[in-house]
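Coordinate inspection notes
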Amino acid sequence: MFGIIRPCRHRLSEAMRTEWMAHLCGLCLALRGDHGQFARAATNYDGLVISVLVEAQSPADEGANSWRRTAGPCPLRGMRTASVAKGEGARLAASVSLVLASAKMRDHVADGDGVLARRPVAAAARRVAAKWDRAGARTGADLGFDTAVLVDAVERQAGIEALAGAGTSLLTVTEPTETATAAAFGYTAVLAGRPGNKAPLEEAGRLFGRLAHLLDAVEDLAEDAESGAWNPVAATGTGLAEVRRLCDDAVHGVRLALREVDFASRSQSLLAHVLLAHELERAVDRAFGTAGCGHTAAAGHQDGSPQGAFGPPPVMPPDRMPPGQGTPPGAPPEPPRRGRRRGLIAGCAVWATLFCTCQVCCRDPYFDPWDGQQREGWCHKCDCGDCDCSNCGDCCDCCNCCENCDCCDCGCDCGC
């Protein structure tokens, strides 16, 4: 799984959690249905937003049954059946996910990450990426969506990164990602029969792509510095304060764009609002290890030290920091390594054990099967304690970003 939108189940109401899982499982099954079992590896948290947006704009008189089907038992659901999303929204999400997952795979191959540093594995990964590009294009063509804009953005990215250096604007580097996500978000309006929504959704998609690119760069900053991989933040010499400002502005821009979208009904748009108006802000806080907005003093304690609600904040590599700035005080130590590197077969076997025993989710930290580095368990990414929607007061505290926001399903009207 990858993606910047990772809502904690403790923050979602039961109804909202059921809807979110319906779209996640729908995306996974759409990938399997059109492209085979292995394509399910492209399932990601951000891709399901496409499915959510298509459904949120579709006419309400079509009924819920036209967008749902009952799926059979699945090990990831404890061998239980479930109501999952179906139709054009899930298929468009699958098409976009395949193309963007192939781009991510190529990026890892180019950086020589982990086992992909080995030539035979890298060659196999390139073939898989090319296959996913073609598969995504086929599904997109069935829906009338030309994935060429996504592929073109992926191909342009490498050239832009090769030319980028100190002083280059980060927005120049993020432009291909912004263009790709804008096209995907905008086409949800066409697919749902609401062409008037295309422009605001393209704007929301453009800013979403900017966030996805920047947050991925911030989260990988220390690891890329250690491995020598190219990182846009380090390569351009942009300070983390400026990166945070760009991210906060993008979150605000997404909220403004969503206000211009004509959704089918408020109930249908609720999940889209939660994911794009609330969880994006959480994603920024998670990447920067803070619990507040970068524009205000809430991002740190009174003594200037960062608030670590999501763990230690990122640290710019010393050789990439702007002139006049040294190593920040209190920088976290380099994560320890443990053990030797494993081969492909042994590493895969240990990964299977970690997944089957849920250590990847629930053990914090666990040790990477290949390089022995400490990794955070997936549940560590959740921030479960600051929004209890069981009463109206907490609901209004956690949705103070939007006008008349009552997305916590507790029935209150924040009026803010």
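Since the model is a prediction, treat every value here as computed from it, not as a measurement. Within every chain, residues take consecutive numbers counted from 1 along the sequence as written. Totals for whole chains, interfaces and linings use all residues, but because this is a predicted model, local features are given only for residues with pLDDT of at least 70 and pairs of side-chain atoms are given and counted only at 80 or more. Side-chain measures were taken over the full set of non-hydrogen atoms in the model, leaving aside hydrogen atoms and water.

**Let's talk about the overall build of the chain**
- Strands here mean DSSP runs of E at least two residues long; helices mean DSSP runs of H or I at least four residues long; both are numbered from the N terminus. A tally of regular secondary structure across the chain gives 14 helices and four strands.
- Counting only contacts in the chain whose residues sit at least 6 apart along the sequence, the fraction spanning at least 24 positions is 64%.
- Each accessible area is a Shrake-Rupley estimate made with a 1.4 Å probe; only the visible protein chains count as cover when residues are assessed. Accessible area for the chain stands at about 19,700 Å²; split by element, carbon and sulfur atoms hold 54% of it. The criterion used for residue contact is that any of the two residues' heavy atoms lie within 4.5 Å.

**A closer look at the pairing of strand 1 (residues 68-74)**
- One requirement defines pairing of two strands: DSSP has to find at least two bridges between them. Relative to strand 2 (residues 80-85), strand 1 is paired through five bridges, and the arrangement is antiparallel. Along strand 2, the bridge assignment pairs Thr70 with Ser83.
- What sits between strand 1 and strand 2 in their antiparallel hairpin is a turn of five residues, with Gly78 showing a positive phi close to 70°.

**Section: the nonpolar core**
- Among the buried residues, those of types Ala, Val, Leu, Ile, Met, Phe, Trp, Tyr and Cys that are joined through side-chain atoms within 4.5 Å form a nonpolar core. Here's how the labels work: a residue is buried when its accessible area is under 20% of the maximum for its type, exposed when over 50%, partly exposed in between, all with a 1.4 Å probe on protein chains only. Counting 83 residues, the largest nonpolar core has Ile4, Leu92, Phe185, Leu211, Leu215, Leu276 and Leu280 as its most contacted members.
- Top element by residues in this core is helix 11 (residues 266-288). It accounts for 11 residues.

**Comments concerning the packing of aromatic side chains**
- In this analysis, rings of Phe, Tyr and Trp, with Trp reduced to its six-membered ring, are considered paired at centre separations within 6.5 Å, and the interplanar angle assigns stacked below 30 degrees, edge-to-face beyond 60, and tilted for intermediate values. Taken as a whole and assessed by the stated rule, the structure comprises four aromatic pairs.
- Ring geometry for Trp20 against Tyr45: centres 5.7 Å apart, planes inclined by 25°, an arrangement best described as stacked. A residue pair is termed long-range when its members are at least 10 positions apart, and Trp20 in helix 1 (residues 14-35) and Tyr45 in the loop between helix 1 and helix 2 (48-57) qualify at 25 residues.
- Here Phe145 and Tyr187 contribute two aromatic rings whose centre-to-centre distance is 5.1 Å and whose plane-to-plane angle is 40°, an arrangement assigned as tilted. With Phe145 in the loop between helix 4 (119-143) and helix 5 (148-163) and Tyr187 in helix 6 (residues 170-191), the pair connects residues that are 42 residues apart, well separated along the chain.
- Assessed through its relative accessible area of 14%, Tyr187 is described here as buried.

**Overview of the confidence of the model for the chain**
- Scored from 0 to 100, pLDDT reflects the predictor's confidence in each residue. Averaged over every residue, the pLDDT of the chain is 77; the share at 70 or more is 70%.
- Low pLDDT, under 50, characterises residues 323-339; the stretch is placed with 21 contacts to residues that sit more than four places away or in other chains.
- Per-residue pLDDT stays below 50 along residues 406-416; that stretch engages in 36 contacts with residues further than four places along the chain or on separate chains.

**A look at the pattern of salt bridges**
- Any carboxyl oxygen of Asp or Glu that lies within 4 Å of a side-chain nitrogen of Lys or Arg is treated as forming a salt bridge with it. What the rule picks out here adds up to 18 salt bridges.
- Through salt bridges with shared partners, a single network forms among Glu178, Glu203, Arg206 and Arg210.

**Observations concerning helix 5**
- For helix 5, which comprises 16 residues, the first-to-last C-alpha distance of 23 Å matches the rise-based estimate of 22 Å (1.5 Å per residue) to within 8%.
- Looking only at helix 5, the buried set comprises Leu150, Ala153, Gln157, Ile160 and Glu161.
- Residues of helix 5 that are buried make contact with helix 3 (88-111), helix 6 and helix 7 (198-219). Take the number of residues in a helix, subtract one, and multiply by 1.5 Å to get its expected span.

**Brief notes about the packing of helix 3 against helix 5**
- Orientation of helix 3 relative to helix 5, taken along the N-to-C sense of each, is 10°, at an axis distance of 10 Å. As far as their axial angle goes, helix 5 and helix 3 are roughly parallel. Here Val96, Val99, Ala103 and Arg106 of helix 3 come into contact with helix 5, specifically with Leu150, Val151 and Val154. Every axis in this analysis is a line fitted to C-alpha atoms, fitted for helices over the stretch in contact. Angles between the N-to-C directions lie between 0 and 180 degrees. For classification purposes, angles smaller than 35 degrees are called roughly parallel, those larger than 145 roughly antiparallel, those between 65 and 115 roughly perpendicular, and all remaining angles oblique.

**Things to note about the environment of Gly140**
- Along the polypeptide, Gly140 turns up in helix 4.
- With 48 residues separating them in the primary sequence, Gly140 and Leu92 have C-alpha atoms 6.5 Å apart.
- When residues no more than four places from it in sequence are discounted, the contact partners of Gly140 are Ser95, Phe145 and Thr147.

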